Amino acid sequence: MMDVQLTTQALLPRCLTLFPERPVTSLMVAGKNEAGQPTASRHRTTLGQVARRSAQLAGALQQLGVQPGDRVATLAVNSFYHLEAYLGIPSMGAVIHTLNIRLPIEQLVWILNDSGAKVLLLDSMFLPLLPAFRAQCPELKEVIVFSAQVPEGTHGYDDLISSQPETYAWPELDEKSGAMLCYTSGTTGNPKGVLYTHRSLMLHALASGHPDAFGIGQYDVVLPIVPMFHANAWGTVHTALLYGAGLAFTGVFNDGPSVARTLQDEKATMCAGVVTVMLALLEELDRAAAAGQPYDVSALNKIGCGGTAVPEVLIRALYERHGLQMMQAWGMTETSPLATCSNVPAGIDPVSDEGFAHRSKQGRVVPFIEVALLDDHGQPVTHDGATMGRLLVRGPWIAGEYYKRGVTSDFVELDGKKWLDTGDIATISASGEVWVQDRAKDLVKSGGEWISSAEVENALMAHPGVSAAVVVAVPHPKWTERPLALFIPHGDAPSPAELREYLKGHIAKWWIPDDFLAVSELPIGATGKFLKREIREQYKNHVWTDGGMK
Ligand code: ADP
């Protein structure tokens, strides 16, 4: 057979010739209302236009000195601009490095320096961060703003690309070369980069378009609520570009009403997002129905949800109250991310009790992905649906090492093969159904974003009134999890208000624990470490003061 390289360049002729008229809509910030809240306007374009502009972007970047292999960073929400960058940057041989807009500035600076990006493309709302980047990121040479009015020393995106031709001499690429770069929070130490190759992205897109996975094809309109800086928007964007699905982006407007209205207005057939946004969507659908003005979301035939375990009540409520079908997926930044999907085995009614029970699990692997379990002694665990073990995963779109760090202790060998240790604790049934039970990783996942408990503990322990501190994840009705701090006071216990105020200057605001409990002791294990899992278990029914973060 022919040795044809699988690269993002294959998306271009498909968008230009096969699906040029498929719609791409984006909610953009138009201004502010009287309450100071952003107002939206809807921008409309097509896949064909996006492909032409991505060639113009490649031309402009080349003129700015971008060479194959160079990293070009983005700091942006979901929009057609970000989509053009997704298509144009890797296709010219450079690497698009998507920065997580929710990270504190120190981490953004660290990550940008680690990747050594030469060029940064950003939404104008992030311009206030520019002085810090300029002062602390010596390799960053050019800044391009997704806006018409731009400050001195930066380029306006539309202006910059307008003088470029709509075609580009795309270079021949090796499918194993880097195409995208995304960093994930480490439990300790600095974030870790995952470099996706052209081949891994394209195989992942092929698989996620399959009907048993996200099932995205040319008749679809996909609304990825999941951000494009989060594990490639879970692959939904590449899959849409490959198969010709329309795209609807909601930008900064990810609240329940904006999402519900976009689903209705754009007749979206598929959307994907974390549990927190799906709870907000359900609430809005319920509210509108109760008010006698239900949304028409009848086109929506599949909702992909993941990031944390998806509660069965959510899957049921969406179906029973609104006729909507939700499918749970499991994955990580390191796994591109799609690894398992909770598609219901043939022969079982998906809306029976048995069907819902399957859908509340993480499900079975997509083609080419393998999973295994290891016990605490590094021995394989039987797949009997009951015995728990650390979940290992391998496959053509699973990272085999970290960017610049190589093969760390996150990778293990089993049966002579390399596997990624996910840090999740799971069971696997005899028929291959994965069920994530717990997390060995010491992190808190709030609204789909990681909070490093170690960093919050360090910041807290620097307070003179704290002699020891532990931060654990506790279930939260809105954010899925929020951090709870337990501390042993040094002298008079500082009040929660004092600790909250103190932390404000040291960590991101949304990382500040919702509650602070002074305790006289904390359980310690044999190796002298706090027994986090025991503490988490003990406080899992903690009732938040004032309901926690709003
Ligand atoms: P993502 O952006 O896909 O959430 P991350 O790398 O930030 O990727 O997080 C991956 C981790 O999130 C997994 O190792 C697991 O702990 C958790 N996770 C993701 N999906 C699920 C799921 N469906 N059920 C339980 N946990 C999940």
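Residues numbered from 1 in each chain as written. Predicted model: local features only at pLDDT ≥ 70, side-chain atom pairs only at ≥ 80, totals over all residues. Heavy atoms only, no water.

Asker: Outline the sheet that holds strand β26 (residues 515–518), supporting the account with residue identities and numerical values.
Answerer: Read from one edge to the other, the open sheet built from three strands follows the order β24-β25-β26, with strand pairing classed as mixed. Both outer strands of the open sheet, β24 (466–476) and β26, are each paired with one neighbouring strand and no more. Neighbour to neighbour, the strand axes of the sheet diverge by 25° on average, direction disregarded. Bridge count for strand β25 (residues 480–489) against β26 is four bridges, and the pairing is parallel. For Ala 485, the partnering residue across the bridge sits in β26 and is Phe 516. Sheet strands touched by helix α13 (residues 453–461): β24, β25 and β26. Its angle to β24, the strand with the most contacts, is close to 145°. Across the face of the sheet, helix α14 (residues 496–504) comes into contact with β24, β25 and β26 while running at roughly 125° to β26. (Pairing = 2+ DSSP bridges. Helix = DSSP H or I, 4+ residues; strand = E, 2+ residues; numbered from the N terminus. Axes fitted to C-alpha atoms, helices over the stretch in contact; angles between N-to-C directions. Contact = heavy atoms within 4.5 Å.)

Asker: Just give me the short version of the environment of Ser 26, but keep the residues and values in it.
Answerer: Position of Ser 26 relative to the elements: it lies in strand β1 (residues 23–32). If near-sequence neighbours (up to four positions away) are discounted, Ser 26 is found in contact with Ser 41, Arg 42, His 43, Ser 79, Phe 80 and Phe 249.

Asker: Outline the site of the ligand, supporting the account with residue identities and numerical values.
Answerer: Every one of the 18 residues lining the ligand counts as a neighbour, but Thr 333, Asp 424, Lys 441, Lys 445 and Trp 450 are closest to it. Between an oxygen atom of the ligand and a side-chain N or O atom of Trp 234, the distance comes to 3.5 Å. Contact distances for the ligand include 2.9 Å between a nitrogen atom and a side-chain N or O atom of Gln 362. A total of 550 Å² of accessible area belongs to the ligand in isolation, and the protein chains cover 95% of it. The element that contributes the greatest number of residues to the shell around the ligand is strand β14 (residues 326–331), accounting for four residues. (Near = heavy atom within 4 Å. Polar contact = N/O pair within 3.5 Å; in protein donor to acceptor, adjacent residues only side chain to side chain. Areas by Shrake-Rupley, 256 points an atom, 1.4 Å probe, with all protein chains shown as cover.)

Asker: Break down the domain arrangement of the protein for me, with residues and values.
Answerer: Along its sequence, the protein is organised into domain 1 (8–329) and domain 2 (444–538). Here the C-alpha centre of domain 2 lies 33 Å away from the C-alpha centre of domain 1. Every contact between the two is made by 15 residues of domain 1 and, on the other side, 15 residues of domain 2. Taken over both partners, the interface formed by domain 1 and domain 2 buries close to 1,100 Å², and the fraction arising from carbon and sulfur atoms is 50%. When residues of domain 1 are sorted by the area they lose upon contact with domain 2, Arg 102, Thr 276 and Thr 308 head the list and together hold 37% of the total. Joining domain 1 to domain 2, the criterion identifies one salt bridge. The closest approach of N and O atoms between Glu 449 and Arg 102, which form a salt bridge, is 2.4 Å. A total of three residues in the side of domain 1 that touches domain 2 trace back to one element, the largest contributor, which is helix α10 (residues 275–290). (Domains from an automatic or database assignment. Buried area = accessible area lost by both parts, 1.4 Å probe. Salt bridge = Lys/Arg side-chain N within 4 Å of Asp/Glu carboxyl O.)

Asker: So what about unusual backbone geometry? Which residues, and what values?
Answerer: A cis geometry characterises the amide bond from Ser 336 onward to Pro 337, with omega recorded as 10°. Phi is positive for Trp 234, close to 55°, though the residue is something other than glycine. One can find Trp 234 in the loop between β10 (221–224) and α8 (236–243). Residue class for Trp 234 comes out buried when judged on its relative accessible area of 11%. Of note in the backbone geometry, Thr 480 takes a positive phi value of approximately 70° without being a glycine. (Buried < 20%, exposed > 50% of the residue type's maximum accessible area, 1.4 Å probe, protein only.)

Asker: Which residues make up the packing of aromatic side chains, and what values do they have?
Answerer: For the coordinates displayed, the defined rule picks out eight aromatic pairs. Each ring, one from Trp 510 and one from Trp 511, has its centre 6.2 Å from the other, and the planes form 90°; the classification is edge-to-face. Among the aromatic residues, those joined into a cluster by ring pairs are Phe 80, Tyr 81, Phe 146 and Tyr 157. Looking at Arg 394, its charged tip hangs above the ring of Trp 419, at a distance of 5.7 Å from the centre. The cationic tip of Lys 418 hangs over the ring face of Phe 411; the distance from NZ or CZ to the ring centre is 5.8 Å. (Phe/Tyr/Trp six-rings, centres within 6.5 Å; stacked < 30°, edge-to-face > 60°. Lys NZ or Arg CZ within 6 Å of the ring centre and 35° of its normal.)

Asker: Pulling in residues and values, what's your account of the sheet that holds strand β7 (residues 155–156)?
Answerer: With respect to topology, seven strands assemble into an open sheet ordered β7-β6-β5-β3-β4-β8-β9, the strand pairing being mixed. Edge positions in the open sheet fall to β7 and β9 (192–197), since each of these has one partner strand only. In this sheet, β9 lies alongside strand β8 (residues 178–184) in antiparallel orientation, the contact comprising six bridges. Paired with Met 180 across the bridge in β9 is Tyr 196.

Asker: Describe in detail α10, supporting the description with residues and values.
Answerer: With 16 residues, α10 should reach 22 Å at 1.5 Å per residue; the first-to-last C-alpha distance of 22 Å fits that figure. If you check which residues of α10 are buried, you get Val 275, Thr 276, Val 277, Met 278, Leu 281, Leu 282, Glu 284, Leu 285 and Ala 288. Those residues of α10 hidden inside the fold are in contact with α9 (256–265), β12 (270–274), β13 (302–306), α11 (312–322), β14 and β25. Within two residues after α10, Gly 292 carries a phi angle of roughly 80°, on the positive side. (Expected span 1.5 Å × (residues − 1).)

Asker: So what's going on with the pattern of salt bridges? Residues and values would help.
Answerer: Taken as a whole, this structure holds 29 salt bridges when the rule is applied. For the salt bridge of Glu 166 with Arg 52, the shortest nitrogen-to-oxygen distance reads 3.9 Å. Taken as a pair, Glu 166 in the loop between α6 (157–162) and β8 and Arg 52 in helix α2 (residues 47–63) lie far apart in primary sequence, 114 residues in all. Residue Arg 52 is classed as partly exposed on the basis of its relative accessible area, which comes to 27%. Among the salt bridges present, the one from Arg 439 reaches Glu 481, with a minimum N-O distance of 2.9 Å. Of the two residues, Arg 439 sits in strand β21 (residues 434–439) while Glu 481 sits in strand β25, which places them 42 residues apart along the sequence. In this pair, the class of Arg 439 matches that of Glu 481, namely buried. In this structure, a network of salt bridges that share partners links the residues Arg 42, Arg 44, Asp 265 and Glu 266.

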